[in-house]
Amino acid sequence: MESDLSKFLRELIQDKRYLIILQHLRKANVDYGKSIMLNTKIPIQEVVEILDKLESIGLIERVRGATLKNTEAKFKLSSEVHKHHTYYTLTRLGDHLLRYLTQEDLLRAYIEYLKEDDLSLNLIRLADELNADHALTYAKLTKRKLEEVNAKLEELERMGLLEEKNAKIIKFGDRKSKPKKETRTHHKYYGLSRIGDLLVRELKREGILPK
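Keep in mind the model is a prediction, meaning the values are calculated, not measured.

Participant: Tell me about the overall build of the chain, and please be specific about residues and values.
Facilitator: Across its full length, the chain holds 10 helices and 10 strands. Of all 211 residues assigned to the chain, the portion counted as buried reaches 44%. Considering only contacts in the chain between residues 6 or more positions apart, those separated by 24 or more positions represent 68%. With an accessible surface of roughly 12,100 Å², the chain has 48% of that area assigned to carbon and sulfur atoms.

Rendered as structure tokens:
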């Protein structure tokens, strides 16, 4: 990716919702907050805050004019719509970034962001080894304070590298640190997301994490 675009990735990877909303706008072409909320399942107040952020860094812009055609707003059913909301679309820069963004670009951005963060690297290494576990286990294994580990786990989840494992019962094969055959989950269990799993493979390949 061109260097003038890659600088945006450092901000975008800090919150997976940024790319979710950008990718939605690329599909919709033009859309407004409530519709974005319904399509992305991101709460409306968070959508509003993210739209403000993306606008401030120049990746989206407000659509001018009193009406929109459904050829412009692809998620609208009527042929022409009077605007009762603030509509947004990708800027030329935002469209260019998404058009040329590859999985390799994302992984490289994550590596550059995390390579000096020992706690983050340890946590995703442990998530790979354990499959799924809660903050107390991660804190014990990293020998760090629970509050510090909780905050870092939430940060990695926000980045999209970890995800909550929602099963009410996690089997022994899914939680490798648990001696019982199964355990009922009374905590929030964290494991690697798909992109987190790909990142760990790349970190191992580059020797940043042990194989």
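After that view, the rundown keeps rolling.
Participant: Could you give an account of the nonpolar core, naming the residues involved and the relevant values?
Facilitator: Across soluble globular proteins, nonpolar side chains have a tendency to be buried as a group. Formed by 54 residues in total, the largest nonpolar core has its most connected members in Leu-12, Ile-21, Leu-22, Leu-54, Ile-124, Tyr-138 and Leu-199. For this core, the element with the most residues is helix α7 (residues 118-130), which contributes 7 residues. Discounting chain neighbours no more than four positions away, the residues touching Leu-54 are Leu-12, Tyr-18, Ile-21, Leu-22, Leu-59 and Ile-60.

Participant: Pulling in residues and values, what's your account of helix α8 (residues 135-142)?
Facilitator: Within α8, the full set of buried residues consists of Ala-135, Thr-137, Tyr-138, Ala-139 and Thr-142. Buried-residue contacts for α8 involve α7, β6 (133-134), α9 (146-159) and β10 (189-192).

Participant: Pulling in residues and values, what's your account of the sheet that holds β10?
Facilitator: Spatially, the 3 strands line up as an open sheet ordered β6-β10-β7, and their pairing is antiparallel. Pairing within the sheet leaves two strands with one partner each, and these edge strands are β6 and β7 (162-164). The pairing of β7 with β10 spans 3 bridges and is classified as antiparallel. By the bridge assignment for β10, Glu-164 is matched with Tyr-190.

Participant: Which residues make up the environment of Ser-56, and what values do they have?
Facilitator: Take Ser-56: it is sitting in helix α4 (residues 44-56). The exposure class assigned to Ser-56 is exposed, which follows from its relative accessible area of 58%. From its side chain, Ser-56 meets the backbone oxygen of Lys-53 in a polar contact 2.7 Å long.

Participant: Go over the layout of surface pockets, please, and point to the residues and values.
Facilitator: Taken as a whole, the largest pocket holds about 410 Å³ of empty space. If you trace the largest pocket, you find 18 residues lining it, with Leu-19, Gln-23, Leu-106, Tyr-110 and Ile-195 closest to the centre. Taken together, the elements giving at least two residues each to the lining of the largest pocket come down to α2 (16-28), α6 (103-114) and α10 (194-205). At 5 residues, the largest contribution of residues to the lining of the largest pocket is made by α2. Its residues placed into classes, the lining of the largest pocket shows 10 nonpolar, 5 polar and 3 charged.

Participant: Summarise helix α3 (residues 33-40); cite the residues concerned and give the values.
Facilitator: Burial in α3 covers these residues: Gly-33, Ser-35, Ile-36 and Thr-40. Along the axis of α3, the buried positions cluster into a sector of 160°, meaning they face one direction only. The secondary structure elements touched by the buried residues of α3 are α2, β1 (31-32) and α4. Lys-41 sits one or two residues past α3 and shows a positive phi near 65°.

Participant: Explain the packing of α2 against α3 to me, using residue names and the numbers behind them.
Facilitator: Here α2 crosses α3 at 110°, and the two axes come no closer than 11 Å. Judged by the inter-axis angle, α2 sits roughly perpendicular to α3. Facing α2, whose interface residues are Ile-20, Ile-21, His-24 and Leu-25, α3 presents Ile-36, Asn-39 and Thr-40. Of the residues contributing to the contact of α2 with α3, the split by class is 4 nonpolar, 3 polar and no charged.

Analysis parameters
- Residues numbered from 1 in each chain as written.
- Predicted model: local features only at pLDDT ≥ 70, side-chain atom pairs only at ≥ 80, totals over all residues.
- Heavy atoms only, no water.
- Helix = DSSP H or I, 4+ residues; strand = E, 2+ residues; numbered from the N terminus.
- Buried < 20%, exposed > 50% of the residue type's maximum accessible area, 1.4 Å probe, protein only.
- Contact = heavy atoms within 4.5 Å.
- Areas by Shrake-Rupley, 256 points an atom, 1.4 Å probe, with all protein chains shown as cover.
- Core = buried A, V, L, I, M, F, W, Y, C linked by side-chain atoms within 4.5 Å.
- Pairing = 2+ DSSP bridges.
- Polar contact = N/O pair within 3.5 Å; in protein donor to acceptor, adjacent residues only side chain to side chain.
- 1 Å grid on protein atoms, 1.4 Å probe; cavity = no way out; pocket = protein on both sides within 12 Å on 5 of 7 lines; lining within 4 Å.
- Points joined across faces, edges and corners; volume = space filled by probe spheres on them.
- Nonpolar A, V, L, I, M, F, W, Y, C, P; charged D, E, K, R; others polar.
- Arc of directions from axis to C-beta.
- Axes fitted to C-alpha atoms, helices over the stretch in contact; angles between N-to-C directions.
- Parallel < 35°, antiparallel > 145°, perpendicular 65-115°, else oblique.

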